[in-house]
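An overview of the molecular structure
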Amino acid sequence: MFQIVKMQPGDRTSELARLGMRIRSKGDEFHMEQPCPALKERCCTIYAQRPTRCRLFHCQQLRLIEADETTEASALDLIRQTQAQAAQVRELIERCGLREDGQPLIERFERLMSTPVDENLEPELVVLRAELDGAMRRLRLVINREFRPPPLSH
Ligand code: SF4
């Protein structure tokens with residue numbers, strides 16, 4: 001669901017690039033494109049070399065575990081359910097005609113939904129897109145509610 005990971009001072013961009021990460025620049029800032037090639041079978045394969053933003057990111061479920069407000073088993077259960085929701089969105093995107101191209105899910109969804117569809121010529125596609133729209137809305141809701149860290153209070 002994330003599109004980029006911003007590089008921070010001290011991040012070794014050339015080492016990350018050598019490890020296969022897609023490092024890009026915009027102005028004088030660098031970022032790492034997502035989805036991350038280091039993520040394999042739900043594990044970070046460059047854990048010791050991961051960038052600062054990855055080190056600092058504690059999702060809401062991890063925070064709840066640390067505060068003894070949920071258990072690891074419940075968090076893993078929720079992760080599995082959310083992955084199933086993401087897989088459903090991926091499948092619906094393909095059924096709507098957009099093949100997997102390695103781009104972030106959110107980007108593919110937006111690209112697909114921004115192309116016009118004629119409801120007289122392709123009524124089934126209109127139904128599929130409505131299904132996809134609902135599935136993506138539910139996925140975003142669960143990610144925002146259960147995984148994104150709460151905004152910082154000042
Ligand atoms: S934690 Fe690892 S797998 Fe995840 S985005 Fe960072 S480098 Fe990639």
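The present account deals with the structure reproduced in this document.

Secondary structure summary: the chain contains six helices and five strands in total. In the chain, the order of α-helices and β-strands from amino to carboxyl end is β-α-β-β-β-β-α-α-α-α-α. With respect to the principal axes defined by its C-alpha atoms, the chain has extents near 55 × 40 × 35 Å. Relative to its 154 residues, the chain shows a buried fraction of 11%.

Turning to the pairing of strand 2 (residues 23–26), a few remarks are in order. Strand direction decides the pairing type here: strand 2 and strand 3 (residues 29–33), joined by four bridges, are antiparallel. Its bridge partner lying in strand 3, Arg 24 is registered against His 31. Between the antiparallel neighbours strand 2 and strand 3 lie two residues, among them Gly 27 with a positive phi of about 60°.

Another aspect to go through is the packing of helix 4 (residues 72–95) against helix 5 (residues 105–113). It is at 11 Å that the axes of helix 4 and helix 5 come closest, and there the two elements cross at 35°. The way helix 4 lies across helix 5 gives a crossing that is left-handed. Here Ala 86, Val 89, Arg 90 and Ile 93 of helix 4 lie close against helix 5, whose contacting residues are Leu 105, Arg 108, Phe 109 and Leu 112. Per-class residue counts for the contact of helix 4 with helix 5 are six nonpolar, no polar and two charged.

Take the sheet that holds strand 3 next. Within the open sheet, the three strands sit side by side as 1-3-2. Their pairing is antiparallel. Edge positions in the sheet fall to strand 1 (4–6) and strand 2, since each of these pairs with one other strand and no more. Each strand axis lies, on average, 35° off the axis of its neighbour in the sheet, ignoring direction.

What counts and how
Residues numbered from 1 in each chain as written. Predicted model: local features only at pLDDT ≥ 70, side-chain atom pairs only at ≥ 80, totals over all residues. Helix = DSSP H or I, 4+ residues; strand = E, 2+ residues; numbered from the N terminus. Buried ≥ 20, exposed ≤ 12 C-beta atoms within 10 Å, placed from the backbone. Pairing = 2+ DSSP bridges. Axes fitted to C-alpha atoms, helices over the stretch in contact; angles between N-to-C directions. Left-handed = near helix turned anticlockwise from the far one by under 90°. Contact = placed C-beta atoms within 7 Å. Nonpolar A, V, L, I, M, F, W, Y, C, P; charged D, E, K, R; others polar.

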